[in-house]
Every structure is written in C-alpha cells, then in structure tokens.
Amino acid sequence: MKFINNIIEPDILYLVWQAGISTPGERTNRIVGELIRNNDIVNLRYCVERDSFKEAYYKYSFQGYMPYDIRKEPHLDVMEVFSRRLVSKKRSDYVKYLESIRINSNIAMSDFSLLGYSEGRVDGDRFSIINPFTNIRKNVQFLTKVVGVNYVFNKRSPIYIDDIVILKKEKENAFDKNALAIIYNGEKIGYINRILAPQLNMWLDEAKVQATIEKVIKTDESIKIYLYIDINYNI
C-alpha cells in the first residue's frame, strides 16, 4: 500500500456530474461547477459558460446540486453541505477510510483538500469532486479511478497490485485530444479521467510519471481499478 506524501491544498475543485448513459463515448465526466476557496470560505459557482455544462443541462437535463439552484448565483459558504460527502471523523473506521484513499492519518490537510483526494464520491449519485492540479509543478501523488474499464478491458485477464502501467497519449482520439490510455501488459484497460488528462499530459512532458495498480474491486458485473500516480520533478 502506497501513501500520498505531498498534500496539495487547492484553491479550486471541480464539481463533476455524469449522465446515466451506458454507451461508449457518452458516459463522460462533465464539469458543471467550481468550488472556489477564498480565505477558508468555499463558494459554489455553476460553470454555465462551459460546453460541458450546456450539454449536461440541455441534453441530459442536469438540475444542479441540491439545494443550490442553477438560476441563483453565487452560492456562498457551501463547505458544510459538501463536507457531507466525506466520512465523519467521529466514525470508528475513519482511519481505515483515509487508508482507502491512501492518506496517512497523521498528515495535516483541510476538508477541502480531502474532498479532492477522495473525489467526494457517494454511492448512488452521479457527482464527484475533482482536483485538476492545474499548473502544479512539484512532486505530487494521488489516487485516481480508471474510467472506461468496462468497455475496453477483458475482465478475465489477471491484474495485480503494484504492477506498473503505461500512460499512452491518444492524440487522434475522436472524443478527447488529451486522452491518455492506460496500458497494462500490452492491453488497454481504460483511460485517465478526461478532467485530469490535460495536467497529466503536461507532467508527462516535464517530469517523471509513474503509475501503478493500487486497488482492484471486482464484481460479477463490473470491475473498478484505481491507480496510484506519482509525479516526480526531482530528475
């Protein structure tokens, strides 16, 4: 088990929504809002100018993040609501929760930062919280879920924790010019989240990037694969 050693305290996190579409190329993570931190106050702004928001709203009937009305802006001091996406620190299994996202319980970090590292996922809804790490040029580690696994990966193939994967640029990808395919033992097993892909492309050009299999969760119907990404500028 690898742990994250360098915590990045972000100023902006993306609120991401996914339509319930199950065809390849359609079920894409869409940025619909920004959580913006200013002097420890977190505000929500819907990204109504983005094509991703327009598509979510007009094509897939995105209704916003309750209780924050899309038609009323801005939404101030929202951290109490969004912190409900985190496991309570009062729970007896809180340390195990941190370990599950590879955070050492002794490390100091804000709940805002923890939202980004955990991706704020809650079973049963379509939202996640993504730290884009935009223009970060320092040593970074994080855990990220492989996307598109159930479309491209032969689930019968063995896959082992700690094995290294290759991040391959797909500049001719019809859906995303920044697409990064994940290659394991010569087989494509999925993609990097398209929101993280631009920053990872920059890191691949500027730093040493190592990606390894960190977690695999299999069921009869699906498989979830998580990578540990290590960015090293000390080269």
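Let me begin by describing the structure that accompanies this report. Computed from a predicted model, the values in this text were never measured in an experiment. (Residues numbered from 1 in each chain as written. Predicted model: local features only at pLDDT ≥ 70, side-chain atom pairs only at ≥ 80, totals over all residues. Heavy atoms only, no water.)

Now for the packing of aromatic side chains. Each aromatic ring pair is summarised here by two numbers: the centre-to-centre distance and the angle between the ring planes. This model, assessed by the stated rule, comprises 15 aromatic pairs. Note on Tyr68 and Phe82: the rings are 6.3 Å apart at their centroids and 10 degrees apart in plane angle, and the pair reads as stacked. Pair noted here: Tyr68 is in the loop between α1 (51-59) and α2 (79-82) and Phe82 is in helix α2, with a separation of 14 residues, a long-range link. Looking at Tyr68, the relative accessible area reads 12%, which means it is buried. Classification of Phe82 as buried rests on a relative accessible area of 0%. Here a set of aromatic residues connected by ring pairs shows up, and it is made of Trp17, Tyr46, Phe53, Tyr57, Tyr58, Phe62, Tyr65, Tyr68, Phe82 and Phe127. Positioned over the ring face of Tyr14 is Arg50, at 5.3 Å from the centre of the ring. (Phe/Tyr/Trp six-rings, centres within 6.5 Å; stacked < 30°, edge-to-face > 60°. Helix = DSSP H or I, 4+ residues; strand = E, 2+ residues; numbered from the N terminus. Buried < 20%, exposed > 50% of the residue type's maximum accessible area, 1.4 Å probe, protein only. Lys NZ or Arg CZ within 6 Å of the ring centre and 35° of its normal.)

Right, let's talk about the sheet that holds strand β7 (residues 180-184) for a bit. Pairing is antiparallel across the open sheet formed by six strands, whose spatial order is β5-β10-β9-β6-β7-β8. The open sheet has two edge strands with one neighbour each: β5 (140-145) and β8 (187-191). Each strand axis lies, on average, 35 degrees off the axis of its neighbour in the sheet, ignoring direction. Relative to the sheet, helix α6 (residues 197-206) contacts β5, β6 (164-169), β7, β9 (208-218) and β10 (223-232), its axis offset from that of β6 by approximately 100 degrees. (Pairing = 2+ DSSP bridges. Axes fitted to C-alpha atoms, helices over the stretch in contact; angles between N-to-C directions. Contact = heavy atoms within 4.5 Å.)

Before going further, it helps to spend a moment on empty space enclosed by the protein. Across all of its chains, the model carries one cavity of 30 Å³ or more by this definition. Approximately 60 Å³ is the volume found for the largest cavity. Taken together, Gly116, Tyr117, Glu119, Ile130, Asn131, Phe133, Phe142, Leu143 and Leu196 make up the full set of residues lining the largest cavity. Where the lining of the largest cavity is concerned, the elements lending two or more residues are α4 (111-118) and β5. (1 Å grid on protein atoms, 1.4 Å probe; cavity = no way out; pocket = protein on both sides within 12 Å on 5 of 7 lines; lining within 4 Å. Points joined across faces, edges and corners; volume = space filled by probe spheres on them.)

Turning next to the side chain of Gln141. Along the chain, Gln141 turns up in strand β5. A relative accessible area of 5% places Gln141 in the buried class. A distance of 2.7 Å separates a polar side-chain atom of Gln141 from the backbone nitrogen of Asn5. A polar contact of 2.7 Å, which involves the side chain of Gln141, links it to the side chain of Asn6. (Polar contact = N/O pair within 3.5 Å; in protein donor to acceptor, adjacent residues only side chain to side chain.)

By the element assignment, Ile195 lies in the loop between β8 and α6. A relative accessible area of 11% means that Ile195 is categorised as buried. Residues Ile195 and Tyr14, 181 residues apart in the sequence, show an inter-C-alpha distance of 8.9 Å. Once you skip the residues sitting within four places of it in the chain, Ile195 turns out to touch Tyr14, Val16, Asn29, Ile31 and Ile130.

What follows deals with the nonpolar core. Ranked by internal contacts, the top residues of the largest apolar core, which has 72 residues, are Leu35, Phe82 and Leu227. Considering every element that reaches this core, the biggest residue donor is β10, with seven residues. Residues within four places of Leu227 in sequence aside, it is in contact with Phe142, Leu143, Thr144, Val146, Val165, Leu167, Ile182, Ile192, Ala211, Thr212, Ile213 and Glu214. (Core = buried A, V, L, I, M, F, W, Y, C linked by side-chain atoms within 4.5 Å.)

Turning our eyes to something else, we now look at the pairing of strand β4 (residues 127-130). Residues Phe127 and Ile129 line one face of β4 and the alternating positions Ser128 and Ile130 line the opposite face, and both faces are buried. When strand β1 (residues 12-18) meets β4, the two strands line up antiparallel, connected through four bridges. Looking at β4, one finds that Leu15 is bridged to Ile129.

This part covers α6. Every buried residue of α6 is accounted for by Ala197, Gln199, Leu200, Asn201, Met202 and Trp203. Buried-residue contacts for α6 involve β5, β6, β7, β9 and β10.

As a further point, take the sheet that holds strand β3 (residues 41-46). As summarised here, the arrangement of the four strands in space is β3-β2-β1-β4, forming an open sheet in which the pairing is antiparallel. Looking at the sheet topology across the chains shown, the edges are occupied by β3 and β4. The sheet shows a mean angle of 30 degrees between the axes of neighbouring strands, taken without regard to direction. Looking at chain direction, strand β2 (residues 29-38) and β3 are connected through six bridges and run antiparallel. Paired with Arg37 across the bridge in β3 is Val42. Contacts from α1 reach β1, β2 and β3, with the element oriented near 120 degrees to β2.

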